[in-house]
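Listed below are the residues making up each chain.
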Amino acid sequence: LAKTTQPISMDSYEGQEVNITCSHNNIATNDYITWYQQFPSQGPRFIIQGYKTKVTNEVASLFIPADRKSSTLSLPRVSLSDTAVYYCLVGDPYSSASKIIFGSGTRLSIRP
Amino acid sequence: EADIYQTPRYLVIGTGKKITLECSQTMGHDKMYWYQQDPGMELHLIHYSYGVNSTEKGDLSSESTVSRIRTEHFPLTLESARPSHTSQYLCASQGNGYEKLFFGSGTQLSVL
């Protein structure tokens, strides 16, 4: 399983764009990158998943450089409700034996 | 969106009691997981299952046990609860491949 490294915490202000970077130097060829969001006392919730280049949905964008050794989750115009822990996970979608391991995540705090 | 249910939501019990935390999903997912999480801390994988009659221990040693007799049901049992078992327990399911995880609402267990 590819290990991931993220900043422990980040602070920003409402209306700003927030970028959270995740390092995964030993990512395997078949691995995908997935991000989850977790609010206190709740289970994590899927945000976005990608393999290479850029993926965008209604919530966020995911940027993956050509070497795939890192990825950046971009949250446009954050609000107070985006205060949460964000997890970056890496895994093989075609492996029936791929168990899901969460790292420490990034604790994002949004201020007024 | 998620059709995965955990009961009870909160449980306060005395030391030495046997308890079972229930987790059910109606999505027909083969993969199911149990995570343990203390406030402000990481999610730790304690058990997982790839299908009926398949169960494995996770990365965090746990005194709990699980069973998977039916696809939709993945209960977790503590034979003799202790105060060190006080934590939040989160159940999740996943479809084939590396699809997103769906989490239940969690069970907050307090052992006195």
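Every value quoted in this text rests on a predicted model; they were computed, and no experiment measured them. (Residues numbered from 1 in each chain as written. Chains lettered and ligands numbered in written order. Predicted model: local features only at pLDDT ≥ 70, side-chain atom pairs only at ≥ 80, totals over all residues. Heavy atoms only, no water.)

**A short note on the pairing of strand E6 (residues 61-64) of chain A**
Residue and element names in this part refer to chain A. Counted only if it meets this: Paired strands, in this sense, are two strands between which DSSP finds at least two bridges. The secondary structure listing takes helices from DSSP runs of H or I that are at least 4 residues long and strands from runs of E that are at least 2 residues long, numbered from the N terminus.
Relative to E6, strand E5 (residues 53-56) runs antiparallel, the two sharing four bridges. Each bridged residue has a counterpart across the sheet, and for Thr53 the counterpart in E6 is Ile64. The hairpin turn running from E5 into E6, its antiparallel successor, is four residues long. As judged from the three bridges shared by E6 and strand E7 (residues 70-75), these two strands associate in the antiparallel manner. By the bridge assignment for E7, Phe63 is matched with Thr72. Counted between consecutive antiparallel strands, the loop separating E6 from E7 contains five residues, among which Arg68 sits at a positive phi close to 60°.

**A short note on the state of the cysteines**
Here is the rule: Pairs of cysteine sulfur atoms within 2.5 Å are identified as disulfides in what follows. A simple rule labels every residue: compare its accessible area, found with a 1.4 Å probe on the protein chains alone, to the largest value its type can have, and call it buried under 20%, exposed over 50%, or partly exposed in between.
Under the definition given, this model contains two disulfides over all chains. Across the disulfide, Cys22 of chain A is cross-linked to Cys88 of chain A (sulfur-sulfur distance 2.2 Å). The S-S bond linking Cys22 of chain A to Cys88 of chain A shows a torsion near -80°; that makes this disulfide left-handed. In this pair, Cys22 of chain A sits in strand E2 (residues 18-23) while Cys88 of chain A sits in strand E8 (residues 84-91), placing the two residues 66 residues apart along the sequence. Per residue, the accessibility class of Cys22 of chain A equals that of Cys88 of chain A, and both read buried. A sulfur-sulfur distance of 1.9 Å marks the disulfide that ties Cys23 of chain B to Cys91 of chain B. Its torsion about the S-S bond being -75°, the disulfide of Cys23 of chain B and Cys91 of chain B is classed as left-handed. With Cys23 of chain B in strand E3 (residues 19-25) and Cys91 of chain B in strand E9 (residues 87-94), this pair connects stretches of sequence that are 68 residues apart.

**A word on the packing of aromatic side chains**
Put simply, the rule reads: Whether two aromatic rings pair depends on their centres lying within 6.5 Å, for rings of Phe, Tyr and Trp, where Trp uses its six-membered ring; planes under 30 degrees apart make the pair stacked, over 60 edge-to-face, and the rest tilted. Geometrically, a charge over a ring is one whose NZ (Lys) or CZ (Arg) sits within 6 Å of the ring centre while staying within 35 degrees of the ring normal.
Applying the stated criterion across every chain yields a total of nine aromatic pairs over all chains. On the numbers, 5.4 Å between centres and 85° between planes, the contact of Phe102 of chain A with Tyr35 of chain B is edge-to-face. Taken together, the residues Phe102 of chain A in the loop between E8 and strand E9 (106-111) and Tyr35 of chain B in strand E4 (residues 31-37) connect one chain to another. For the pair Phe102 of chain A and Tyr35 of chain B, one class covers both residues: buried. An angle of 70° between the planes, with centres 6.0 Å apart, marks the rings of Phe102 of chain A and Phe103 of chain B as edge-to-face. Of this pair, Phe102 of chain A sits in the loop between E8 and E9 while Phe103 of chain B sits in strand E10 (residues 101-103), on two different chains. You'll find Phe102 of chain A and Phe103 of chain B in the same group, each marked buried. Chaining the aromatic ring pairs together yields one cluster made of Tyr36, Phe46, Tyr87 and Phe102 of chain A together with Tyr33, Tyr35 and Phe103 of chain B. It is Arg68 of chain A that lies over the ring of Tyr51 of chain A; its NZ or CZ is 3.9 Å from the centre.

The quantities given are spatial measurements derived from coordinates; they are silent on function.
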